[in-house]
Amino acid sequence: MNDLPGYEKAQLLLEKNEIFVSPAEAHGVISGLLACGLSIDDKEYLGLLSDVFNDGESFSNDLKQFLVKFINKLLKVLITKSFNLTYFYLVMTKHSSIRLTGSYHG
């Protein structure tokens, strides 16, 4: 079951919090940060996202909850076999807390 709001509701939530990017843009930024090795073990990434999207201002509680759910859902999609690619590689630094393995058939 998907407990995330649809695209339009996500857009309204962002706008309500004066975050003027589309959900697709937010998805792209977050995916890129995850690919660069963003650690999600603690919620420090919310501070980084507030720097990127909100000029360093703290997010409201409802937006924080949405972002935490969104990032967790995105990670599940990226690391499961249900993702459209047969195998998914993230280039990580040696010190990254996330390790994904697989093989690319390209």
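What comes next concerns the included structure. Starting from 1, residues in each chain are numbered consecutively following that chain's sequence as written. Where local features are concerned, this predicted model is filtered to residues with pLDDT of at least 70; where side-chain atom pairs are given and counted, the filter is 80 or more; whole-chain, interface and lining totals use all residues. With hydrogens and water set aside, each side-chain value is computed from the structure's full complement of heavy atoms.

1. Observations regarding the layout of surface pockets
- If you add up the space inside the largest pocket, you get close to 260 Å³.
- What lines the largest pocket is a set of 18 residues, among which Leu4, Pro23, His27, Phe66 and Phe70 lie closest to the centre.
- Of all the secondary-structure elements, those providing two or more residues to the lining of the largest pocket are α1 (7–16), α2 (23–35) and α4 (61–79).
- Among the elements that take part in the lining of the largest pocket, α4 stands out by supplying 6 residues, more than any other. With a 1 Å grid laid over protein atoms only, a set of points is called a cavity when a 1.4 Å probe fits there but cannot get out and a pocket when it is open yet has protein on both sides within 12 Å along at least five of seven lines; lining residues have an atom within 4 Å of a point. Grid points are joined across faces, edges and corners, and a volume is the space filled by probe spheres set on the points. Here a helix means four or more residues in a row that DSSP labels H or I, a strand means two or more in a row labelled E, and each is numbered from the N terminus.

2. Section: the packing of helix α3 (residues 45–54) against α4
- Axis angles are defined between N-to-C directions and span 0 to 180 degrees, where every axis is a line fitted to C-alpha atoms and, for a helix, only to the segment in contact. Direction vectors running N to C along α3 and α4 enclose 110 degrees, while the axes themselves pass 11 Å from each other. By the criterion of interaxial angle, the relationship of α3 to α4 is roughly perpendicular. Where α3 crosses over α4, the handedness of that crossing is right-handed. Across the interface between the two elements, Tyr45, Leu46 and Leu49 of α3 pack against Lys64, Leu67, Val68 and Ile71 of α4.
- When its residues are assigned to classes, the contact of α3 with α4 shows 6 nonpolar, no polar and 1 charged. Any angle that falls under 35 degrees is termed roughly parallel, while one over 145 is termed roughly antiparallel, one within 65 to 115 roughly perpendicular, and all others oblique. Left-handed is the label given to a crossing in which the near helix is rotated counterclockwise from the far helix by less than a right angle, and right-handed is the label when the rotation is clockwise. Note on contacts: a residue pair qualifies if any of its non-hydrogen atoms lie within 4.5 Å across the two residues. When residue character is reported, Ala, Val, Leu, Ile, Met, Phe, Trp, Tyr, Cys and Pro are called nonpolar, Asp, Glu, Lys and Arg charged, and the others, Gly included, polar.

3. Notes on the nonpolar core
- Nonpolar core, defined: a set of buried Ala, Val, Leu, Ile, Met, Phe, Trp, Tyr and Cys residues in which side-chain atoms within 4.5 Å join the residues together. Burial classes follow relative accessibility: with a 1.4 Å probe on protein chains only, a residue under 20% of its type's maximum area counts as buried, one over 50% as exposed, and anything between as partly exposed. Formed by 24 residues in total, the largest nonpolar core has its most connected members in Ile30, Leu63 and Phe66.
- Secondary-structure elements contributing two or more residues to this core are α1, α2, α3 and α4.

4. Describing empty space enclosed by the protein
- Under the defined criterion, the tally for this structure stands at 1 cavity of 30 Å³ or more.
- The space that makes up the largest cavity amounts to roughly 40 Å³.
- Lining the largest cavity are Leu14, Ile19, Val21, Ala26, Phe53, Phe59, Leu63 and Leu67.
- Here the lining of the largest cavity is composed, by residue class, of 8 nonpolar, no polar and no charged.

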